[in-house]
Amino acid sequence: MGPVLGVGGFLEARARSLQGNPRPTSPGRAGPVRSSVAAPDCCGGLGNLDFRKRWDPAARDLGTAGAASLELPRAEGQDFHGFSKADLCIMTQLLGYVDLSEPHFVAAVLAIVFNPLFWNVVARWEHKTRKLSKAFGSPRLACYTLGGAILLLNVLRSHCFTQAMLSQPRMQSLDNPAAYHVGLALLGVGGVFVLSSFLALGFTGTFLGDYFGILKEARVTMFPFSVLDNPMYWGSTAIYLGWAIVHASPTGLLLTALVALIYMVAIVYEEPFTAEIYQQKASQAYKRS
């Protein structure tokens, strides 16, 4: 994102100097807060940049030195860091609508990052020490308590997500009946995956009961696990994506991408650890037999 912000900021400053049309200082409902980079012809503008030359701090003219102001590595057919021009266009368009320093946006980012970090750290600590089970008198009560805390944190995350969307501009290209119905469909599909996952796993299976020693007899293979791995996570992501589209919110789309990224990181850490727990159970059962 850093290089994109650098290009966007430079072009925005030049556009203001050429057009005498300053960017609004705060988002409003009348229209998106965006620079000329975010206009529909942004891809054409990026295509005119020469990414092979080093940035010259003394360069000020966009038409001459400014157009040759960046040196970024690129592979054949790509601009830099694996991004195509179309990718850059989408990112610059989204960032043109989003104020990354807006307090509600920052709060949403923190909530999205914190929640999986919290439950993974606490659950692993419990698995290692059994301190929560001892404090609450039983593993089930401890698991119910952690599950309640996770639910409250998820409510807070959803609230921050919604407030971040409402505090920033809407995207006109998403503000139409077709997109609205796509968003509703995603909300429905995501809700089905989340609810069916909960019913298949139960409360303790959903909220990390295996870290508390509350293990399933066998791997759950019924729907939705029969059609999708980690359906709880991807169902939740679909809900956020649908919510963002219903609100025609580029901020919501950006935050949904962050939700998906954080879930992918969580899966990488959780799956091997959970597999190890069940492997230990199988080994103990084998020794007893």
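Along each chain, residues carry numbers from 1 onward, in the same order as the chain's sequence is written. Local features in a predicted model are, by the rule used here, given only for residues with pLDDT of at least 70; side-chain atom pairs are given and counted only at 80 or more, and totals for whole chains, interfaces and linings are based on all residues. To get the side-chain values, all heavy atoms of the structure are used, and hydrogens and water are removed first.

1. Here we look at the overall build of the protein chain
Basically, it comes down to this: A run of H or I in DSSP becomes a helix once it reaches four residues, and a run of E becomes a strand once it reaches two; helices and strands are each numbered from the N terminus. Residue burial is assigned from relative accessible area. The probe radius is 1.4 Å, only protein chains are included, and a residue is buried under 20% of its type maximum, exposed over 50%, and partly exposed in between. Only the protein chains shown count as covering a residue, and every accessible area follows the Shrake-Rupley method with a 1.4 Å probe.
Tallying secondary structure elements over the protein chain gives nine helices and zero strands in all. When the helices and strands of the protein chain are placed in sequence order, the string is α-α-α-α-α-α-α-α-α. For the protein chain, buried positions account for 39% of its 289 residues. Accessible area for the protein chain stands at about 15900 Å²; split by element, carbon and sulfur atoms hold 64% of it.

2. Observations regarding the environment of Thr256
Quick note on the threshold: In what follows, residue pairs with any heavy atoms lying within 4.5 Å of each other are defined as contacts.
As for its position among the elements, Thr256 is in helix H9 (residues 250-288). The buried category is assigned to Thr256, whose relative accessible area is 5%. Along the primary structure Thr256 and Ile112 are separated by 144 residues, whereas in three dimensions their C-alpha atoms are 9.3 Å apart. Not counting residues up to four positions away in its chain, the partners in contact with Thr256 are Phe161, Thr237, Tyr240, Leu241 and Ala244.

3. Describing the nonpolar core
Rules: As used in this record, nonpolar core signifies buried Ala, Val, Leu, Ile, Met, Phe, Trp, Tyr and Cys residues forming a set joined through side-chain atoms within 4.5 Å.
Counting residues in hydrophobic clusters, the biggest one holds 42 residues, and the most contacted among them are Ile112, Phe161, Leu208, Tyr211, Phe212 and Leu255. Those elements giving two or more residues to this core turn out to be helix H3 (85-97), helix H4 (103-129), helix H6 (139-166), helix H8 (231-246) and H9. A total of 10 residues in this core trace back to one element, the largest contributor, which is H9. Those residues in contact with Ile112, other than ones at most four positions away along the chain, are Arg157, Phe161, Leu255, Leu258, Val259 and Ile262.

4. As for unusual backbone geometry
A cis geometry characterises the amide bond from Phe223 onward to Pro224, with omega recorded as 5°. Of note, Pro224 is situated in the loop between helix H7 (177-206) and H8. Phi is positive for Arg130, close to 60°, though the residue is something other than glycine. Mapped onto the elements, Arg130 comes out in the loop between H4 and helix H5 (131-136).

5. Let's talk about the side chain of Ser133
Structurally, Ser133 is set in helix H5. Those residues in contact with Ser133 that lie beyond four places of it in its chain are Glu126, Ser138, Pro139, Ala142 and Phe212.

6. With respect to the packing of H7 against H8
The line we're drawing: Comment: axis = line fitted to C-alpha atoms, over the contacting stretch for helices; angle = value between 0 and 180 degrees taken between N-to-C directions. Angle categories are assigned with fixed cut-offs, so that under 35 degrees is roughly parallel, over 145 is roughly antiparallel, 65 to 115 is roughly perpendicular, and the rest are oblique. Rotating anticlockwise by less than a right angle from the far helix to the near helix defines a left-handed crossing, while the corresponding clockwise rotation defines a right-handed one. Residue type decides the class: Asp, Glu, Lys and Arg count as charged, Ala, Val, Leu, Ile, Met, Phe, Trp, Tyr, Cys and Pro as nonpolar, and the leftover types, Gly among them, as polar.
Two numbers describe how H7 lies on H8: the axes approach to 7 Å, and their chain directions differ by 155°. Between H7 and H8, the angle is such that the two are roughly antiparallel. Crossing handedness for the pair H7 and H8: left-handed. A per-class count over the contact of H7 with H8 returns 17 nonpolar, eight polar and no charged.

7. Describing the confidence of the model for the protein chain
Defined as follows: By definition, pLDDT measures how confident the predictor is in each residue, and it falls between 0 and 100.
A residue-level look at the protein chain finds 65% of positions with pLDDT of 70 or above and a mean pLDDT of 77. Note that residues 1-83 has pLDDT below 50 and, in this model, 121 contacts with residues that lie over four places away or in other chains.

8. Topic: the packing of aromatic side chains
As a reminder, the rule being used: In this analysis, rings of Phe, Tyr and Trp, with Trp reduced to its six-membered ring, are considered paired at centre separations within 6.5 Å, and the interplanar angle assigns stacked below 30 degrees, edge-to-face beyond 60, and tilted for intermediate values. Remark: a charge is flagged as sitting over a ring if the NZ atom of Lys or the CZ atom of Arg is within 6 Å of the ring centre and within 35 degrees of the ring normal.
Per the counting criterion, the structure on display carries nine aromatic pairs. A centroid spacing of 6.4 Å and a plane angle of 85° characterise the contact between Phe198 and Phe203, whose relative ring orientation is edge-to-face. One aromatic cluster in this structure is built from Tyr144, Phe198, Phe203 and Phe207. Stacked on the ring of Phe273, the Lys or Arg Arg124 has its end atom at 4.2 Å from the ring centre.

9. Comments concerning the pattern of salt bridges
In plain terms, the rule: A side-chain nitrogen of Lys or Arg and a carboxyl oxygen of Asp or Glu constitute a salt bridge if their distance falls within 4 Å.
All chains considered together, the criterion is met by two salt bridges. Measuring nitrogen to oxygen at the nearest pair gives 3.9 Å for the salt bridge that ties Arg130 to Glu126. Judged by its relative accessible area of 28%, Arg130 falls in the partly exposed class. The residue Asp175 makes a salt bridge to Arg170 at a minimum N-O spacing of 2.9 Å. Residue class for Asp175 comes out partly exposed when judged on its relative accessible area of 44%.

10. Considering a nonpolar patch on the surface
What counts, and what does not: Exposure above 30% relative accessible area and no salt bridge define the residues that can form patches, which grow by joining like charges within 9 Å and nonpolar side chains of Val, Leu, Ile, Met, Phe, Trp and Tyr within 5 Å.
Together, Leu261, Met264, Val265, Val268 and Tyr269 line one region of the surface with nonpolar side chains, adding up to about 500 Å² of accessible area. Relative to the elements of secondary structure, Val268 occurs in helix H9.

11. Side note on H4
Basically, it comes down to this: One less than the residue count of a helix, multiplied by 1.5 Å, gives the span that helix is expected to have. What the bend at a residue measures is the angle between two axes, fitted to the seven residues ending there and to the seven starting there.
In this model H4 runs 37 Å from its N-terminal to its C-terminal C-alpha over 27 residues, within 8% of the 39 Å that 1.5 Å per residue would give. Of all the bends in H4, the greatest, near 30°, is centred on Phe114, and the proline Pro116 appears no more than four residues after it. Taken residue by residue, H4 has Phe105, Ala108, Ala111, Ile112, Asn115, Pro116, Trp119, Asn120, Val122, Ala123 and Glu126 as its buried positions. Taken from the residues just after H4, Arg130 is the one with a positive phi, measuring 60°.

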